Amino acid sequence: MSIDVKNLHPLEVKLLRYVNAGEDITEEKIISGLGYKVGQCNQSFSWLTAKGCLEEVSRVKKTIYELTDTGRTMKEQGLPAERIHAFLSEKGAFTMPEIAEALGLEKSDVGSAFGLLSSKGALRLNEERKAEVAGELPEEIKIQRSLLDKAAESGSLDESDLSADEKKAIAPLAKKRGASSSPFRIQERDVIVYRLTSLGEETKEAVIKANITGEEFGVLTPQMLQSGAWKNGTFRPYGINAPVSRLIPGRRNAYSEYLEWVKNKLISLGFEEFDGPLVENEFWNGDALFMPQFHSARDIHDVYYVKDPVHAKKIDEPWLSQVAATHENGWTTGSRGWGYEFDHEFTRRQVLRSQGTVLSAHQLTKAHIPGKYFGVVRCFRYDQVDATHGADFYQTEGIVIGKDVNLKNLLGLLKMFAEEIAGAEEVKYVPGYFPFTEPSIEVHIKHPVLGWFELGGSGIFRPEVTEPLGIKEPVLAWGLGIDRMALMHLGLNDLRELFTPDIESVRTRRGN
């Protein structure tokens, strides 16, 4: 097997030209001879070994003691034990805190150094509990000083070059991890010896014959054009069939982009956005929408109840009294109401909102007339999770208030959502039932794989909803599953793909 030498990297070319057949090739040899950095050296070995030009002939594990910044400081200022012994020899007896303050050492370092020196008979405590000199500086400290001096020359020490006494002396000064406070950091390295293979020898000869030096230009830069340096060198050939590195630009999640696109579209049509807390109470989640408190109509909203706190502190007036009266007897709306005694404790029960219409109810109490409002609202409803259902989901919720709004206006809005925002080609509108709207309309769209499914509901708010909240004019309302719109718009077949943790899908899925 032969290698196309034109495709070799300059690092490989220089290494091949530098080494000879039969000689040991090591990291140290290449770094000192070619000036490679450790990373460049390892990369060259890896590439040439993979190509079959180099082979590993031996591997030896070595322990290296690297001098840290702390070690360099100790080399200049002295080891704590050295400094303490010299200080007491010159100044006399002092307490531990006095020594720490005088020498600028940590109390813990002073304590450790005194323990070592006293155990070797170099220091002792006198009757006044002050440290004083009792003997010569121990030999171990002297060896540690010589190790610091020796390491300062090259930056490290090889364990194999140390004597038994030096190994014993360096042990308390070195750590593998968290070595910033220690003079030495322990590094374990594999020293690998390589040699040229027969293929490597052939490749070396081919490189020399082709007059490839490794100094060829790989990139033509503006600076080279300005200086004319390109005229004095040769260029590496471009491998147009070589695989290119993959570029992965940063981008937002496709569904997040879609939600922003929907918001921007509605705002451009003159709608104002509303929002609210995830935790609501039964009053706004159902009672204000004229849903009877103990009626099967609530079954379609199987809510999650909040454990703590169980109840809201209060419901604002006059909305509570007016809504309660509407449930009981119709209040002044012209309705007979539901004919039961309104439960003021139940209405304060805390839940996770189960529908975006909660925010429409809130908005009625502060809306301008005429007015157009919308929200992209996260909702929670106990449900079996499948391709078109989720236990938590987003709705686009909205209302249009005005003296002249009517059902035809609502159908026009639904058409926009179904065709422009969801991108559906087949749409149908069917009668529906919701306790808070009359008439009520459901929107259904046809998915190319999942078939027909409901996009959401809509209608005109009943007077029992609007009047207790201070609105006399007609109000168009809708609550549509924006997750399902995105399903169609993004070309997906399962709602769960919108929330996948698979980063690859985020990188490749199209947005708007």
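What this report covers is the structure whose coordinates are included nearby. (Residues numbered from 1 in each chain as written. Predicted model: local features only at pLDDT ≥ 70, side-chain atom pairs only at ≥ 80, totals over all residues. Heavy atoms only, no water.)

**Brief notes about the overall build of the chain**
Alright, step 1. The helix and strand inventory of the chain stands at 19 helices and 15 strands.
Alright, step 2. Whereas a compact globule of 512 residues would reach a radius of gyration of roughly 24 Å, the chain reaches 40 Å, over 25% beyond that.
Alright, step 3. Along the three orthogonal principal directions, the C-alpha set of the chain runs to about 105 × 85 × 45 Å.
Alright, step 4. The buried share of the chain, reckoned over its 512 residues, is 44%.
Alright, step 5. Long-range contacts, defined as pairs at least 24 residues apart, comprise 68% of the intrachain contacts of the chain with a sequence gap of at least 6.
Alright, step 6. Entry remark: accessible area of the chain is about 27,600 Å², with carbon and sulfur atoms responsible for 49%.
Alright, step 7. Both charge centroids of the chain, one from 62 positive and one from 74 negative side chains, sit 3 Å from each other. (Helix = DSSP H or I, 4+ residues; strand = E, 2+ residues; numbered from the N terminus. Rg over C-alpha atoms; globule rule 2.2 N^0.38 Å. Buried < 20%, exposed > 50% of the residue type's maximum accessible area, 1.4 Å probe, protein only. Contact = heavy atoms within 4.5 Å. Areas by Shrake-Rupley, 256 points an atom, 1.4 Å probe, with all protein chains shown as cover. Lys, Arg positive; Asp, Glu negative; His and termini not counted. Charge placed at Lys NZ, Arg CZ, Asp CG, Glu CD.)

**Focus on the sheet that holds strand S11 (residues 392-401)**
Alright, step 1. With mixed pairing, 7 strands are arranged side by side in an open sheet as S7-S10-S11-S15-S14-S13-S12. The strands lining the two open edges of the sheet, one partner per strand, are strand S7 (272-273) and strand S12 (427-431). (Pairing = 2+ DSSP bridges.)

**Focus on helix H6 (residues 96-103)**
Alright, step 1. Where H6 is concerned, the buried positions are Ile 99, Ala 100 and Leu 103. Projected onto a plane normal to the axis of H6, the buried residues spread over an arc of 100 degrees and lie on a single side.
Alright, step 2. Buried residues along H6 sit against helix H5 (80-91), helix H7 (107-119) and strand S3 (131-133).
Alright, step 3. One or two residues past the end of H6 sits Gly 104, with phi positive at roughly 70 degrees. (Arc of directions from axis to C-beta.)

**Overview of the packing of helix H12 (residues 254-268) against helix H16 (residues 407-421)**
Alright, step 1. Running from amino to carboxyl end, H12 crosses H16 at an angle of 140 degrees, the nearest separation of the two axes being 13 Å. Put simply, H12 runs oblique to H16. Our pair here, H12 against H16, has a crossing hand that is right-handed. Between H12, through Tyr 258, Trp 261, Val 262, Lys 265 and Leu 266, and H16, the contact on the second element is made entirely by Met 416, Phe 417, Glu 420 and Ile 421.
Alright, step 2. Taken together, the residues that form the contact of H12 with H16 break down as 7 nonpolar, no polar and 2 charged. (Axes fitted to C-alpha atoms, helices over the stretch in contact; angles between N-to-C directions. Parallel < 35°, antiparallel > 145°, perpendicular 65-115°, else oblique. Left-handed = near helix turned anticlockwise from the far one by under 90°. Nonpolar A, V, L, I, M, F, W, Y, C, P; charged D, E, K, R; others polar.)

**Regarding the nonpolar core**
Alright, step 1. Among the nonpolar cores identified, the biggest contains 38 residues, and Tyr 258, Phe 417, Ile 445, Trp 478 and Met 485 are the most heavily contacted of them.
Alright, step 2. Among the elements of the structure, H12, strand S10 (371-380), H16, strand S13 (437-447), strand S14 (451-461), strand S15 (475-481) and helix H18 (482-489) are those that each provide at least two residues to this core.
Alright, step 3. Ranked by residue count, the leading element in this core is H16, at 7 residues. (Core = buried A, V, L, I, M, F, W, Y, C linked by side-chain atoms within 4.5 Å.)

**A closer look at unusual backbone geometry**
Alright, step 1. Backbone torsion omega between Glu 317 and Pro 318 reads 5 degrees, so that peptide bond is classified as cis.
Alright, step 2. Mapped onto the elements of the fold, Pro 318 is located in the loop between helix H13 (282-285) and helix H14 (319-329).
Alright, step 3. Backbone torsion omega between Glu 438 and Pro 439 reads 0 degrees, so that peptide bond is classified as cis.
Alright, step 4. Mapped onto the fold, Pro 439 is located in strand S13.
Alright, step 5. Even without glycine at this site, Trp 331 takes up a positive phi of about 50 degrees.
Alright, step 6. Residue placement: Trp 331 occurs in the loop between H14 and strand S9 (350-352).
Alright, step 7. On the basis of relative accessible area, Trp 331 is assigned to the partly exposed category, the value being 33%.

**Thoughts on the packing of H12 against H18**
Alright, step 1. Taken N-terminus to C-terminus, the directions of H12 and H18 make an angle of 110 degrees; their axes are 11 Å apart at the nearest point. When the axes of H12 and H18 are compared, the pair comes out roughly perpendicular. Both H12 and H18 take part in a crossing whose hand is right-handed. In this structure, H12 uses Tyr 255, Tyr 258, Leu 259, Trp 261 and Val 262 to contact H18, whose residues at the interface are Ile 482, Asp 483, Met 485, Ala 486 and His 489.
Alright, step 2. The residue makeup of the contact of H12 with H18, split by class, is 8 nonpolar, 1 polar and 1 charged.

**Here we look at the packing of aromatic side chains**
Alright, step 1. The full count for this structure, using the stated rule, is 13 aromatic pairs.
Alright, step 2. Measuring from centroid to centroid gives 5.0 Å for Phe 87 and Phe 94, while their planes differ by 40 degrees, and the two rings are tilted.
Alright, step 3. Following the ring pairs from residue to residue traces out a cluster consisting of Tyr 255, Tyr 258, Trp 261, Tyr 394 and Phe 499.
Alright, step 4. Across the ring face of Phe 271, the terminal group of Lys 372 is positioned such that the distance to the ring centre comes to 5.2 Å.
Alright, step 5. Its guanidinium or amino end placed over the ring of Trp 452, Lys 428 lies 4.4 Å from that ring's centre, counting from NZ or CZ. (Phe/Tyr/Trp six-rings, centres within 6.5 Å; stacked < 30°, edge-to-face > 60°. Lys NZ or Arg CZ within 6 Å of the ring centre and 35° of its normal.)

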